[in-house]
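Letter by letter, the chains look like this.
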Amino acid sequence: MNTFKDFMEYSSRIVNDEMIKSVERLKAPEKLKESMSYSLQGGGKRIRPLLLFATLDAFGNDPLIGIKPACALEMIHTYSLIHDDLPCMDDDDFRRGKPTNHKVFGEDLAVLAGDGLLTYAFKLITEMNDFHVSDQVKLQLISELAIAAGPEGMVAGQVADMEGESKELSGEELQYIHERKTGKMLMYPVIAGAIISKATAEQLSHLTQFAYKLGIAFQIQDDILDVIGDEEVLGKPVGSDIENDKTTYVKLYSVEGAKERLHTFITEAKQHVRACGIKDDYLISICDFVENRSF
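What comes next concerns the included structure. Computed from a predicted structure; not experimentally measured.

**Examining unusual backbone geometry**
Notably, Arg46 is not glycine yet its phi reads approximately 55 degrees, a positive angle. Of note, Arg46 is situated in the loop between α2 (30-40) and α3 (47-58). Using a relative accessible area of 4% as the deciding quantity, one classes Arg46 as buried. Residues other than glycine seldom take positive phi values, yet Lys198 does so here, at roughly 55 degrees. Looking at where Lys198 falls in the secondary structure, it is placed in the loop between α9 (171-196) and α10 (201-228).

**Some thoughts on the pattern of salt bridges**
Scanning the model with the defined rule gives 20 salt bridges in all. For Lys33, the salt bridge identified is with Glu30, shortest N-O distance 3.3 Å. With Lys33 and Glu30 both in helix α2 and three residues apart, this pair spans about one turn of that helix. Residue class for Lys33 comes out buried when judged on its relative accessible area of 9%. Between Lys31 and Glu34 there is a salt bridge, with the nearest N and O atoms lying 3.7 Å from each other. Highlighted residues: Lys31 and Glu34, both in helix α2, separated by three residues, approximately one helical turn. A relative accessible area of 49% places Lys31 in the partly exposed class. You can call Glu34 partly exposed: its relative accessible area is 42%.

**A look at a negative patch on the surface**
A surface patch of negative charge is lined by Asp90, Asp91, Glu107, Asp108 and Glu165. Along the chain, the position of Glu165 falls in the loop between α8 (154-163) and α9. What makes Glu165 partly exposed here is its relative accessible area of 34%.

**Section: the state of the cysteines**
Counted according to the given criterion, the structure contains zero disulfides. Here Cys287 stays unpaired: no disulfide links it, and the sulfur of Cys276, its closest cysteine neighbor, is 11 Å away. Residue classification places Cys287 among the buried residues on the basis of a relative accessible area of 0%.

**Focus on the packing of helix α4 (residues 67-84) against α8**
Contact geometry for α4 and α8: axes closest at 12 Å, N-to-C directions at 25 degrees. Here α8 runs roughly parallel to α4, going by the angle between their axes. In the packing of α4 onto α8, the handedness of the crossing is right-handed. Contacts between α4 and α8 involve Ile76, Tyr79, Ser80 and Asp84 from the former and Met154, Val155 and Gln158 from the latter. Split into classes, the residues belonging to the contact of α4 with α8 amount to four nonpolar, two polar and one charged.

What counts and how
Sequence positions are assigned chain by chain, starting from 1 and proceeding in written order. pLDDT decides what is reported in this predicted model: residues at 70 or higher carry local features, side-chain atom pairs at 80 or more are listed and counted, and totals for whole chains, interfaces and linings draw on all residues regardless. To get the side-chain values, all heavy atoms of the structure are used, and hydrogens and water are removed first. A run of DSSP states H or I qualifies as a helix once it reaches four residues; a run of E qualifies as a strand once it reaches two. Both are numbered from the N-terminal end. The rule is simple: take the accessible area with a 1.4 Å probe, protein chains only, and divide by the maximum for that residue type; under 20% is buried, over 50% is exposed, in between is partly exposed. Note on definitions: salt bridges are taken to be side-chain nitrogens of Lys or Arg within 4 Å of carboxyl oxygens of Asp or Glu. Nonpolar side chains (Val, Leu, Ile, Met, Phe, Trp, Tyr) within 5 Å and like charges within 9 Å form the patches, drawn only from residues with over 30% relative accessible area and no salt bridge. Computed with the Shrake-Rupley method and a 1.4 Å probe, the accessible areas treat only the protein chains shown as cover for residues. His is not counted, nor are the chain ends; Lys and Arg add positive charge and Asp and Glu add negative charge. For the purpose of locating charges, the reference atoms are NZ of Lys, CZ of Arg, CG of Asp and CD of Glu. Cysteine sulfurs are considered disulfide-paired once they come within 2.5 Å of each other. Here an axis means a line fitted to C-alpha atoms, over the contact stretch when the element is a helix, while the angle between two N-to-C directions is reported on a 0 to 180 degree scale. For classification purposes, an angle smaller than 35 degrees is called roughly parallel, one larger than 145 roughly antiparallel, one from 65 to 115 roughly perpendicular, and anything else oblique. By convention the crossing between two helices is left-handed if the near helix lies anticlockwise of the far one by an angle smaller than a right angle, and right-handed if it lies clockwise. Residue contacts are counted whenever heavy atoms from the two residues lie within 4.5 Å of one another. Note on residue categories: nonpolar means Ala, Val, Leu, Ile, Met, Phe, Trp, Tyr, Cys or Pro, charged means Asp, Glu, Lys or Arg, and polar means any other residue, Gly included.

Structure representation (structure tokens):
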């Protein structure tokens, strides 16, 4: 693959194909599999698998070594979206321009589809069969994913976000939410790629900081797009944060102030990845994509 665009499209395609094949192989009720696959086929940026593949590539590895954890990560992300859209949570009728899972399959099956994706994800990592990946590495990958997705990571961020609705949050409180709700799941693929690649302690430290800065930048751009984005491109209504009276980077700092913070985090992320002494072109390109994305 010569260009970043080619690499991004390749990454998305192989993850999409592998996830659907994995669900089809399950000895599970057809309606459950249909519901799981429906949301997996909902599209999206697939930025998390892209980060894992790009990190593996940066160390000179075949990105396909990471296909199982990449799919596991995206399945957990998808489960979180299914549950986020439920009436008891954000009560959304559309996601990426399509009816949300519970609108198509009902609330009960949507909950169970999310449960299925979450639990099956961890089994996928146990199925890694590359001789470079030891059982100890698989165990470490599972442990890190549980931390990123669980009550110390994404779930903690979701609770803090829920409790922060209709409250005036400080910049520190807002960052706490996004470090966990979005950041941990964006940090995981970089850490996973570094673990599989046997990165040094110094490289792992820099890559962790790179992923942390990138995760915050990703959320800042989300907040900006909720104000100035194109609904057709985003596949969802803009202005929902204002309507729900949520504290965002734009609300705290204005659009221009949020853009300045976005650029600062992206610049710092690039500095950390360049300090690793690895082939960093794809990782740098991901930084540019996050800063300039319109969806």
